[in-house]
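# A look at the structure
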Amino acid sequence: MDLGLKGKRVVVTGGSRGIGYAIAEACAAEGAAVSVCARGADGVAAAVERLKRHGGLVHGQACDVGDPAALAGYVDAAAAALGGLDVLVNNPSGFGSTDDEDGWRKGIDVDLMGVVRATWAARPHLEKAGGGAVLNISSISGVGPSANIAYGAVKAAVIQLTQSHAMTLARQKIRVNCIAPGSIEFPGGVWARRKADAREVYDRTLAGIPFGRMGLPEEIGRVAAFLVSDAASWVTGQTVSVDGGQNLK
């Protein structure tokens, strides 16, 4: 299926691995020009080289999404490198899983304000392009009660923010949607680490997924590519859970 992404210019924050990389790759495979950022320069460089295999324009830059000036600078640099901006994917997480000052600070500075600030920075570029799409990555932890209190609360805020931005940016022809992933496993990710270090938690979570397995980043990437594409031109303000039924328990 041709999603209409060929020639689109896509920026993905937190895009060097896992869900962010899978989204960037799905868009690149559809013919989009893509830019990714992450804190680690080596990870960004490796991601850029892998994305180049799809034959399109690729840009990458090390950036701490929790740093307001660095984030704004990255979005502007990405837009300059790609020749404009049609799509912003907000995929940052500080993984603030502890219910203390540090956990809340990480969640608010990165998971929430990273979305707010990147959208601020991207908006002029999207408006210059005549409209576009913003996709926020939340979590099913933000859909209902969560044992990870700080993480769940900020991810819930991202869902509400998605709805508010969808309403306020519609006049500028900017669509805003959200994906709430379930438990996604990939090398070096949270669930790979828990499988090795906290097997009881891993097994208990796995038992709560009706399909009997963890999700894959690519399964988020394919839904994301649809939501930011012209094929979803009448979809805005929505949060799609991609979790194999995990949140049905």
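These remarks concern the structure in this document. Residue numbers run consecutively from 1 along every chain, following the written order of its sequence. Local features in a predicted model are, by the rule used here, given only for residues with pLDDT of at least 70; side-chain atom pairs are given and counted only at 80 or more, and totals for whole chains, interfaces and linings are based on all residues. Heavy atoms from the whole structure form the basis of all side-chain values; hydrogens and water molecules are not counted.

Once that is clear, we can look at the overall build of the chain. The way it works is that DSSP assigns letters per residue, a run of H or I at least four long becomes a helix, a run of E at least two long becomes a strand, and they are numbered from the N terminus. When helices and strands are tallied, the chain shows eight helices and seven strands. Overall size of the chain, expressed as C-alpha extent along the three principal axes, is 50 × 35 × 35 Å. Here the chain holds 249 residues, and the buried ones make up 48% of them. Between two residues, a contact is recorded if the distance between any of their heavy atoms is within 4.5 Å. By sequence separation, contacts in the chain at least 24 residues apart represent 71% of the contacts at least 6 residues apart. Computed with a 1.4 Å probe, the accessible areas rest on the Shrake-Rupley method; for each residue, only the protein chains presented here act as cover. For the chain, the accessible surface area stands at approximately 11,400 Å², while carbon and sulfur atoms represent 55% of it. Residues counted as positive are Lys and Arg, residues counted as negative are Asp and Glu, and His and the chain ends are not counted. Charge placement uses NZ in Lys and CZ in Arg. For Asp and Glu, CG and CD serve respectively. In the chain, the 25 positive side-chain charges and the 24 negative ones have mean positions that sit 4 Å from each other. Throughout, exposure labels follow a simple rule: accessible area from a 1.4 Å probe, protein chains only, divided by the maximum for the residue type, with under 20% read as buried, over 50% as exposed, and the rest as partly exposed.

With that settled, consider the packing of aromatic side chains. Centre-to-centre distance and the angle between the planes together describe a pair of aromatic rings. Centres within 6.5 Å are what make two rings of Phe, Tyr or Trp a pair, Trp counting through its six-membered ring; a difference in plane orientation under 30 degrees is then read as stacked, over 60 as edge-to-face, and the rest as tilted. Taken as a whole and judged by the stated rule, the model has one aromatic pair. Two thresholds decide whether a charge sits over a ring: the Lys NZ or Arg CZ must be within 6 Å of the ring centre and within 35 degrees of the ring normal. Between Arg 194 and the ring centre of Trp 191, over which it is positioned, the NZ or CZ distance is 4.9 Å.

A few words on the layout of surface pockets. Computed from the structure, the second largest pocket encloses a volume of approximately 360 Å³. Using only the protein atoms, space was sampled on a 1 Å grid; points where a 1.4 Å probe fits but cannot get out form cavities, open sets with protein on both sides within 12 Å along at least five of seven lines form pockets, and lining residues are those with an atom within 4 Å of a point. Taken together, 18 residues make up the lining of the second largest pocket; nearest its centre are Gly 132, Lys 173, Ile 174, Arg 175 and Ser 233. Those elements giving two or more residues to the lining of the second largest pocket turn out to be strand S5 (132-137) and strand S6 (174-181). The classification used treats Ala, Val, Leu, Ile, Met, Phe, Trp, Tyr, Cys and Pro as nonpolar, Asp, Glu, Lys and Arg as charged, and all other residues, Gly among them, as polar. Split by residue class, the lining of the second largest pocket holds seven nonpolar, six polar and five charged. Grid points are joined across faces, edges and corners, and a volume is the space filled by probe spheres set on the points.

Attention now moves to the packing of helix H4 (residues 101-128) against helix H5 (residues 149-169). Throughout, an axis means a line fitted to C-alpha atoms (over the contacting stretch in the case of helices), and angles, computed between N-to-C directions, take values from 0 to 180 degrees. Contact pair H4 / H5: the axes reach a minimum separation of 8 Å and the direction vectors enclose 15°. In this view, H4 runs roughly parallel relative to H5, as classed from their interaxial angle. The way H4 lies across H5 gives a crossing that is right-handed. For the pair H4 and H5, contact is made by Gly 103, Trp 104, Gly 107, Ile 108, Asp 111, Leu 112, Val 115, Val 116, Thr 119 and Arg 123 and by Ile 149, Ala 150, Tyr 151, Ala 153, Val 154, Lys 155, Ala 157, Val 158, Leu 161, His 165 and Leu 169, respectively. For the contact of H4 with H5, the per-class residue count stands at 14 nonpolar, four polar and three charged. When an angle is under 35 degrees it counts as roughly parallel; over 145 it counts as roughly antiparallel; between 65 and 115 it counts as roughly perpendicular; any other value is oblique. With the far helix as reference, a near helix turned anticlockwise by less than a right angle produces a left-handed crossing, and one turned clockwise produces a right-handed crossing.

The subject of this paragraph is the sheet that holds strand S1 (residues 9-13). Whether two strands pair depends on DSSP finding at least two bridges between them. An order of S3-S2-S1-S4-S5-S6-S7 is seen for the seven strands of this open sheet, with the pairing classed as parallel. In this open sheet, the two strands that pair with only one neighbour each are strand S3 (58-62) and strand S7 (239-242). When strand polarity is set aside, the average angle formed by the axes of neighbouring strands in this sheet is 15°. Looking at chain direction, S1 and strand S4 (residues 87-90) are connected through three bridges and run parallel. Note that in S4 the partner of Val 10 across the bridge is Val 87.

The next thing to look at is the side chain of Gln 246. Mapping Gln 246 onto the fold places it in the segment after S7. Once you skip the residues sitting within four places of it in the chain, Gln 246 turns out to touch Ile 140, Gly 182, Ser 183, Thr 205, Gly 208, Ile 209 and Pro 210.

Relative placement of two packed helices is described by the angle separating their axes and the distance separating the axes. Where helix H6 (residues 190-197) contacts helix H7 (residues 199-207), the axes come no closer than 6 Å and their chain directions differ by 120°. The angle between H6 and H7 places the two elements in the oblique class. Residue-level inspection shows Trp 191, Arg 194, Lys 195 and Asp 197 of H6 in contact with H7, the latter providing Arg 199, Val 201, Tyr 202 and Thr 205.

We now examine the pairing of S4. By the alternation rule, side chains of S4 split into Val 87 and Val 89 and Leu 88 and Asn 90, which are all buried. Of the strand pairs in this sheet, S4 and S5 are connected by four bridges, and their pairing is parallel. Each bridged residue has a counterpart across the sheet, and for Val 87 the counterpart in S5 is Ala 133. Regarding the hand of the β-α-β motif, the stretch spanning S4, H4 and S5 is right-handed. The definition of a right-handed crossover adopted here requires that, viewed with the strands pointing away, the path from the first strand over the helix to the second runs clockwise.

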